[in-house]
Structures are given as structure tokens and as C-alpha cells.
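This is what each chain is made of:
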Amino acid sequence: MSASADRAAKIGDTMLEVKDITLSFGGVKALTDISFDIKEGEIRAIIGPNGAGKSSMLNVISGFYHPQQGEVWFNGKKRGPMKPYQVARQGIARTFQNIALFKGMSTLDNLMTGRMTQMKTNLFWQAIWKGPAEKEELEHRERVEHIIDFLGIQAIRKTPVGRLPYGMQKRVELGRALAAEAKLLLLDEPMAGMNLEEKEDMCRFVLDVNDEFGTTIALIEHDMGVVMDLSDRVVVLDYGQKLADGTPDEVRSNQAVIDAYLGVSHD
Amino acid sequence: MSPDFLNLIEVILNGLMAGIMYALVALGFVLIFKASGIFNYAQGVMALFAALTLVGFQTGQVPFAHLINAIFGTNVHHWGDGMNTFLAILLTMGVMILFAWLVERFVLKHLVNQEPIILFMATIGLAFFMEGFGDLMWGADIKNMDVGLPSGGSFWWEDVTKTWAAEGAEYYGMYIDVLDVWAAGIAILLVIALTLFSQYTKTGRALRAVADDHQAALTVGISLRSIWVVVWSIAGFVALVAGIMWGSKSGVQFSLSLIALKALPVLILGGFTSIPGAIIGGLIIGVGEKLFEYTIGGMIGGATENWFAYVLALFFLMFRPQGLFGERIIERV
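Residues numbered from 1 in each chain as written. Chains lettered and ligands numbered in written order. Predicted model: local features only at pLDDT ≥ 70, side-chain atom pairs only at ≥ 80, totals over all residues. Heavy atoms only, no water.

A. Main features of the overall build of chain A. Scanning chain A from N- to C-terminus turns up 11 helices and 10 strands. Its C-alpha atoms give chain A a radius of gyration of 19 Å, within 12% of the compact-globule value 18 Å for 267 residues. Each principal axis of the C-alpha distribution contributes one length, and for chain A these read about 75 × 40 × 40 Å. The 267 residues of chain A split such that 51% are buried. Counted over contacts in chain A with a minimum sequence separation of 6, partners at least 24 positions apart contribute 68%. Roughly 12400 Å² of accessible area belongs to chain A as shown, and the carbon and sulfur atoms make up 51% of that amount. Looking at chain A, you have 32 positive and 38 negative side-chain charges, and the mean spots of the two groups are 7 Å apart. (Helix = DSSP H or I, 4+ residues; strand = E, 2+ residues; numbered from the N terminus. Rg over C-alpha atoms; globule rule 2.2 N^0.38 Å. Buried < 20%, exposed > 50% of the residue type's maximum accessible area, 1.4 Å probe, protein only. Contact = heavy atoms within 4.5 Å. Areas by Shrake-Rupley, 256 points an atom, 1.4 Å probe, with all protein chains shown as cover. Lys, Arg positive; Asp, Glu negative; His and termini not counted. Charge placed at Lys NZ, Arg CZ, Asp CG, Glu CD.)

B. Local environment of the overall build of chain B. For chain B, the helix and strand inventory stands at 13 helices and 0 strands. Helices and strands in chain B line up, N terminus first, as α-α-α-α-α-α-α-α-α-α-α-α-α. Taking 2.2 N^0.38 as the reference for a compact globule, 333 residues should give roughly 20 Å; the C-alpha atoms of chain B span a radius of gyration of 22 Å, in line with that estimate. Residue burial in chain B is summarised as follows: out of 333 residues, 50% are buried. Residue pairs at least 24 apart in sequence account for 74% of intrachain contacts in chain B once pairs closer than 6 positions are excluded. Side chains of chain B carry 15 positive and 22 negative charges; the gap between the two charge centres is 16 Å.

C. A look at the sheet that holds strand β6 (residues 92-94) of chain A. Residues and elements named next belong to chain A. Taken in spatial order, the 6 strands make up an open sheet running β6-β7-β8-β3-β9-β10, and their pairing is mixed. In the strand order of this sheet, the two ends are held by β6 and β10 (241-246), each with one partner. Recorded for the sheet is a direction-independent mean angle of 15° between the axes of neighbouring strands. Across 5 bridges, strand β7 (residues 184-188) lies against strand β8 (residues 216-220) in parallel orientation. Bridged to Leu-185 within β8 is Ile-217. (Pairing = 2+ DSSP bridges. Axes fitted to C-alpha atoms, helices over the stretch in contact; angles between N-to-C directions.)

D. Local environment of the side chain of Asp180(B). Residues and elements named next belong to chain B. Following the sequence through the fold, Asp-180 ends up in helix α7 (residues 178-200). Relative accessible area serves as the criterion here: at 6%, Asp-180 is assigned to the buried category. Polar contacts involving the side chain of Asp-180 include one to the side chain of Lys-249, which spans 2.9 Å. (Polar contact = N/O pair within 3.5 Å; in protein donor to acceptor, adjacent residues only side chain to side chain.)

E. Summary view of the pattern of salt bridges. Residues and elements named next belong to chain A. Per the stated rule, a full pass over the model turns up 26 salt bridges over all chains. Here Arg-252 and Asp-249 are joined by a salt bridge, their closest N and O atoms 3.0 Å apart. Of this pair, Arg-252 and Asp-249 both sit in helix α10 (residues 248-252), 3 residues apart, which is roughly one turn of that helix. For Asp-249, a relative accessible area of 53% corresponds to the exposed category. (Salt bridge = Lys/Arg side-chain N within 4 Å of Asp/Glu carboxyl O.)

F. Region of the structure containing the sheet that holds strand β5 (residues 77-79) of chain A. Residues and elements named next belong to chain A. Across the sheet, which stays open at both edges, the 4 strands sit in the order β2-β1-β4-β5 with antiparallel pairing between neighbours. Of all the strands in the sheet, just β2 (28-39) and β5 have a single pairing partner and so form its edges. Taken pair by pair, the neighbouring strands of this sheet meet at an average axis angle of 25°, ignoring direction. With respect to the sheet, helix α2 (residues 54-61) is in contact with β1 (14-25), β2, β4 (69-74) and β5, its orientation differing from that of β1 by roughly 115°.

G. Just the confidence of the model for chain B, in detail. Chain-level statistics for chain B give a pLDDT mean of 87 and a share of 98% at 70 or above. Scoring the predicted complex yields pTM 0.83 and, for the interface, ipTM 0.82. (pLDDT = per-residue confidence, 0-100.)

H. Region of interest: the environment of Phe155(B). Residue and element names in this part refer to chain B. Within the fold, Phe-155 resides in helix α6 (residues 155-162). Looking at Phe-155, the relative accessible area reads 63%, which means it is exposed. Each C-alpha atom of the pair Phe-155 and Pro-276 lies 32 Å from the other, and the pair is 121 residues apart in sequence.

I. Summary view of the pairing of β7(A). Residue and element names in this part refer to chain A. Of all the 5 residues making up β7, 5 are buried; the element is thus mostly covered by neighbouring parts of the structure. Because side chains alternate across β7, one face comprises the buried residues Leu-184, Leu-186 and Asp-188, and the other comprises Leu-185 and Leu-187, equally buried. As defined by bridge partners, β6 adjoins β7 across 3 bridges and the pair is classed as parallel. Bridging from a neighbouring strand, Arg-94 pairs with Leu-186 of β7. Traced from β7 through helix α8 (residues 196-212) to β8, the parallel crossover comes out right-handed. (Right-handed = clockwise from strand over helix to strand, strands pointing away.)

J. Expanded view of the packing of aromatic side chains. Residues and elements named next belong to chain B. Inspection of the entire model under this criterion finds 19 aromatic pairs over all chains. Note on Phe-57 and Trp-138: the rings are 5.7 Å apart at their centroids and 75° apart in plane angle, and the pair reads as edge-to-face. Linking Phe-57 in helix α2 (residues 43-59) with Trp-138 in helix α5 (residues 116-138), this pair joins segments that are 81 residues apart in sequence. Residue classification places Phe-57 among the buried positions, given a relative accessible area of 16%. Residue classification places Trp-138 among the buried residues on the basis of a relative accessible area of 2%. (Phe/Tyr/Trp six-rings, centres within 6.5 Å; stacked < 30°, edge-to-face > 60°.)

Below, the structure is given as C-alpha cells:
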């Protein structure tokens, strides 16, 4: 079986679908009638020039923005207007373009907050600490240690993340999203501002996560080489409109996309 | 040791005790400020309200007795002999949790993402509302709080220290209020408990997460609103402890809410975001004002305790605006 056929076999049904999303801030339209879907098990890239509305799209999915029109369907159900924490509890984790970590807390604690959605003991047991709360804490601690191993960040377990270099912070943020054991992982420019080596590491993590845990991933990225290598399908946005949607090869040869990226002479 | 030196030690000791009492109030401020960036002006009134409610339950007062009597022409005041102190404390805690929930539901929820000054104004409103509500519910008379804590000077300590003085010196031992010692012990336990809770439990971690970054907290599935209820409940609990201590010391009366103002210089010294800072700030203020009164107070007419803390805070602001333990304010260019 060829590599691509192997890949195709892993990809399942539609997991998330956005339909005719329109989002505007005052008079400025950030997104206009955007529709696309994300299938179970795939790596889906969202690309486009600066200001295309990529991050806005991610914010709509994760509940930070509420679109004026359109619907979000997740796991075959239409989603009502949701708060970000409710989205997180549904199994959608994300990272941010400009890193949103708890800077004063250690790497370990940051990853433990990622387990928040999975922890069940009530305040009473937590206050007593012994019993269920302790057992649960240890269980989750073990899962977190696995992720620390996976990302190779043992050395910075106890370091407050505010003190870590940028590339490491990005990695910790990915770790926190992984700790949530989400079904869908949204990565907003996971490789922005990284050097080549860090980018390669990050690519490997993204592929491994997808491969080993079967996590569906949607990512925004500017590095075209990375996008074309990693993703199964790509959706291209420009000025809040959808330009193209398809496999990397299809997108690469799409005239509208080439024009948007390279500019067209208006003669 | 000379009596003068022993007197000095006594002043410092009493200063430390007073400082812990200030720290108790300051602690409540820090908790809420850290988690939500709100300077809760009502913290002092919360302590007063908690103390009023506790005494009310304990002595079996009928809540809103005046109101009921005025409307229905009845003459109710007590429903019985009151209840067990422990039960009363639990019930009061329940009231404080209910209060936290109401504050979130009717005040904070509508002010999300507003300027800090607006939230501050809201807590001033809250303070006045609670003050009036407390009066209406339990009456405005000064009440005596007795939860069974021992009080009065310690004879044991007096006897022990008497022997420290040099042979033949005229010295009668140090005075220390047993209640203050209890307050100190309870305050220390409270801080240890709060620290352990915030370090090692899920909710504690969520509290720290919210204090650190709201957006990130939302992303990992923390509901800000329920965390705020938890924070205000804990602040209510701290207020209850402070209310019990201050109430036992000087009676449950309106002036209790004014000790909140003393917490301000404590916070300026310790930093608004640091729990250890609140304790150390409290101790510095406590010792500082007692020492100042003892050494210099006499020369300038006394009663310096009323203003010394504020002047010290003002002085501090010039050199360390973020406080001793507060987060450094660094402007990036």
C-alpha cells in the first residue's frame, strides 16, 4: 500500500464542520460565508496572507468569537453559542499565536491545568486531600509525565514557564493542549518565530501526535514547506473569503491562491 | 536584662500580634485581587457582616426582627437560646458562600471586562449595601462576641518574663493578650491551609491559573464565573476568621469595617498579589506603629498609631511601588 493510501485509510468521517460563517467587528468583515470541514484523524491546514481571517476562524471554533451568521457542527451535532471553557470541555484544545501560558507556574503545573477537563473530584475531597482527590491527582500526574517524556522537556519540569525561551514555551503550550487529550487540536502558528531545528522538532511532534494518539489537528501556518509536508488538506482564506480548499497539490496549483500570495499585476 | 530593654521586647511582641490581625484582613484583599484584579473595598464590611451573622446565629436572634416588627406590628427578637458555636460558624460560612454566589450573579457577571476602577466602584457600592443590610438583618447595636476563645493577659508569661529582669530591678513582667496569641496561631494555620490548597489541589491550581492568565484559563476549560464564586467564598471564609478575631477583641460593631482601611498600607507594603507579602506587610505595620508610638510618640503628643501606617506606606510607594513581594512592574518599550 502506498503512503497516501495508508493515510487515506486513517481518515474517518467529518468531525467538525463550519457552515456559512460570517463574522464582523463593527463594520469590518473578518469572515464572509466560510464553510469547510475537518475529518477525523486528518491534519488540516488553514493558510492565507496576514489578515485573512485565519485566527478569527480558530477563535470561532474555540468559542472566543461568536459569528453573526453560520453554524458550527461538532461530532454530528449543531453547536449553540458556547463559552471557550465549554468548548474545551467538549474535547477541543488549542494553542495561541502569542502563547497563552500561565507564566508564573511551572511547566508541570501548566500541563496539569491541561488535565482540568478530565478531573472529577469535588471541592470537599480536594479540601481533605486524602482519598479520591489524592488518587486522582497521582493518576493525572502520571499522564502528564508521559507527555513530558514525549516532548522531551524533562529538564524544565519545575521551571516557571515565563523564564523559558520562546521555542520552549511553544512546546509547553502544545504539551498543555495534549494533556487535555482532546479529540481536536487547534494550533495557531505553532512554528512562528522558530529556528529551523525547532521547526523540525515541532513538525515531528505534530505528526507523532496525529499518528500515535489519532488526534485530529487543524493548524494555521505561514511556512508553506511545512504546510505542504504536514497536511492532508488545506483551506485557503484571503480577506475573509475562502479562496480554495483541497489537497496540498490542488491548492498549490490553484491560480487564485498563487495570485493572492504573489500578487497580480493589475494592467 | 534591663527593664527598658524588656519593655522594648514587649512592644515588639504586641506589635507582631497586632500585625497578624491586620494581615488577616489584608489576606482577603490579596485573594480576590490576585484572582480577578478587583480591589475589594467591601472586604472589611464582609468581616463585619460575618461577625454579625455569627453572633446572630449564636444568640438566636431573629433576622430582620426590626423590619418584621415594623411591618406586622409583632414583637419578635429571639427565636430561642441560640445554637452551638460550631454549628453557628458552619451556618455563617454557608451564608458567606451564598453571598459570594450572589455577588457573582448580580454584580461581577455584568461587569466582566470592565475597567478596574469600575469594578472598584462596584465594590464600594457593595460595601455600603452590606453595611446597611447587616444592620437591617441583625440590628445596629454593639454585640459581644464569644466563641470560647480565651482572652485577657497571660499570667504565665508575666511570671516567666519577670525573672528575666536584672536582680533587684523594678519589673513586673510582660503583658500579652492570650487572644492575640490564639489569633496568631489561627492566622498561621489559615495561611498554611490556603497555601497547601492552592498548590496541591485541582481547584487551587485553577485559582492560580485564573490569577495568571484569564484567556489561557478559559482554554483549558476553567469557568471563570465558578472560580470567582470559589474565590469570593474563600475571601468570605477569611473575612469570617478576621471577624471572629476582631469581634472577640473589640466587640462586633460598625468600626470593625474600618479596619479594612488599615489593610491598605499593609497591602502597599506587601504587594497586592502576594500572600506572604500580606503577612509580612502586616507584621511590619504592626511592629512599626507600636515601636513608633513607644519611642517617638510621646515626644509629639501620642496617638501616632492612627496615621503612622499610612505615612509609612506613602514612604514605601516612593521606593518600591510594587510592594515588597509584589510582581515587578516592567514596562517594555
